Amino acid sequence: HEHIRQDGEKELERDAMALLWSAIAAGRSMSASLLAKGIFHVQLDGIPGAYVLENLGYTFGFIIVIMARQQLFTENTVTVVLPVMQKPSWVNFGLMMRLWSVVLLGNLIGTAVAAWAFEYMPIFDEPTRDAFVKIGMEVMKNSPAEMFANAIVSGWIIATMVWMFPSAGAAKIVVIILMTWLIALADTTHIVVGAVEIFYLIFNGTIHWSEFFWPFALPTLAGNICGGTFIFALLSHAQIRNDMSNKRKAEAKANAEEQKRQRKSVEK
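Residues numbered from 1 in each chain as written. Predicted model: local features only at pLDDT ≥ 70, side-chain atom pairs only at ≥ 80, totals over all residues. Heavy atoms only, no water.

Caption draft 1: Layout of the side chain of Ser31. Along the chain, Ser31 falls in helix 2 (residues 16-43). Dropping the residues within four chain positions of it, Ser31 is found in contact with Ala114, Phe118 and Val196. (Helix = DSSP H or I, 4+ residues; strand = E, 2+ residues; numbered from the N terminus. Contact = heavy atoms within 4.5 Å.)

Caption draft 2: Focus on the nonpolar core. If you look at the biggest cluster of nonpolar residues, it comprises 64 residues, and the most contacted ones within it are Phe62, Phe73, Ile198 and Phe216. Sorting elements by how many residues they give to this core places helix 11 (residues 191-204) first, with 11 residues. When near neighbours in sequence (up to four residues on either side) are disregarded, Phe216 contacts Val139, Met140, Met147, His190, Ile191, Gly194, Ala195, Ile198 and Glu211. (Core = buried A, V, L, I, M, F, W, Y, C linked by side-chain atoms within 4.5 Å. Buried < 20%, exposed > 50% of the residue type's maximum accessible area, 1.4 Å probe, protein only.)

Caption draft 3: Representation of the packing of helix 4 (residues 59-67) against helix 10 (residues 172-185) within the structure. Packing of helix 4 against helix 10 leaves a shortest axis separation of 9 Å and a crossing angle of 140°. The hand of the helix 4/helix 10 crossing is right-handed. Judged by residue contacts, Thr59, Phe62, Ile63, Ile66 and Met67 of helix 4 engage Lys172, Ile173, Ile176, Ile177, Thr180 and Trp181 from helix 10. (Axes fitted to C-alpha atoms, helices over the stretch in contact; angles between N-to-C directions. Left-handed = near helix turned anticlockwise from the far one by under 90°.)

Caption draft 4: A look at the packing of helix 7 (residues 90-120) against helix 11. With their axes 8 Å apart at the nearest point, helix 7 and helix 11 run at an angle of 40° to one another. Accordingly, the angle class assigned to the pair helix 7 and helix 11 is oblique. Between helix 7 and helix 11 lies a crossing whose hand is right-handed. Every residue of helix 11 that contacts helix 7 at Leu104, Asn107, Leu108, Thr111, Ala112, Ala115, Trp116, Phe118, Glu119 and Tyr120 is listed here: Ile191, Val192, Ala195, Val196, Phe199, Tyr200, Phe203 and Asn204. Its residues assigned to classes, the contact of helix 7 with helix 11 shows 14 nonpolar, 3 polar and 1 charged. (Parallel < 35°, antiparallel > 145°, perpendicular 65-115°, else oblique. Nonpolar A, V, L, I, M, F, W, Y, C, P; charged D, E, K, R; others polar.)

Caption draft 5: Summary view of the side chain of Thr189. With respect to the helices, strands and loops of the structure, Thr189 is situated in the loop between helix 10 and helix 11. In this structure Thr189 comes out as buried when scored by relative accessible area, which is 3%. From its side chain, Thr189 meets the backbone nitrogen of Ala151 in a polar contact 3.2 Å long. When sequence neighbours within four positions are dropped, the list of residues in contact with Thr189 reads Val139, Asn142, Met147, Asn150, Ala151, Ser154, Thr220 and Asn224. (Polar contact = N/O pair within 3.5 Å; in protein donor to acceptor, adjacent residues only side chain to side chain.)

Caption draft 6: Helix 11, seen in detail. Between its first and last C-alpha atoms helix 11 spans 19 Å; for 14 residues at 1.5 Å apiece the expected length is 20 Å, and the two agree. Here helix 11 lies mainly inside the structure; 13 of its 14 residues are buried. (Expected span 1.5 Å × (residues − 1).)

Structure below.
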C-alpha cells in the first residue's frame, strides 16, 4: 500500500504535458494488442484451442506500455487514488481529476492515430483487416449494461495487477501476461484497448462516430473507474487503514516521549 501510494504522489506531481505525451505514446502502444490478436486470429484459424492462443495477443500492448512506464488509464490512474484517500482534500482531488483527464485524452488520441494507420496505410492484407473488424464487432455486440458490467471486471483485474507489482519483483512481466490474458479470455471491455478496436471500425466505415461514445466509451469508462478505482482501491485502503492509524499514533507517542527526554536533559 505504501509503495503504491508513494508512486501515486509522484504521478500527481508530474507536469501535464509530460503526462499527455506519455499517454499518447501509451495509446499508440496499446494498438499492439489489436495487431497481435488480429494476426493470431488469421494464422490460428481452424486450430483447436485457437481462442485461447489468440487472446494471448491481447497482452502485447499491456506489456509494452507497463514495462516502458507509459501512462495508461486504469493502470497509472489507480495509484493516485490512495494519496487522495489518505489525505482527502479539494487540492488532491483536483490533481487526481487533472491526471485522469490528461491521461485518458492522451490515450484516446494515441489509439485513434494507431487505428487510422491500421486502416489507411498499406500494412495489412485483407484477411487481417477482416479480423480487425470482427474483433471490433465482437465488442459492439454488448449492450451498454454489458459494457459497464464487463468493464467493472477488467478494471478490478487491472487494479489487482497493480497491487501485485511491488511484490512481483523479476516476475512482473509474468504477472502482466497472466492478468491481461485473463481479461481477454473473460471477454471483458477496457476503455483503451477497446478504443483501438472501435476507432478502427469507425475509420473502416463499419460504424458511425456516435457509436464510439454510446454504447461503448461512456459505459466502459464508468465500469473501469468503478471496478478498478473505487471498489478495489477503497477495499485495499480500508484493509490497512486501522494499521496506518495505529502506526501514526505510535510514531506520535514515540516523538512525544523523545521530546520529553530532550527537555529533561536540557533542564539537567
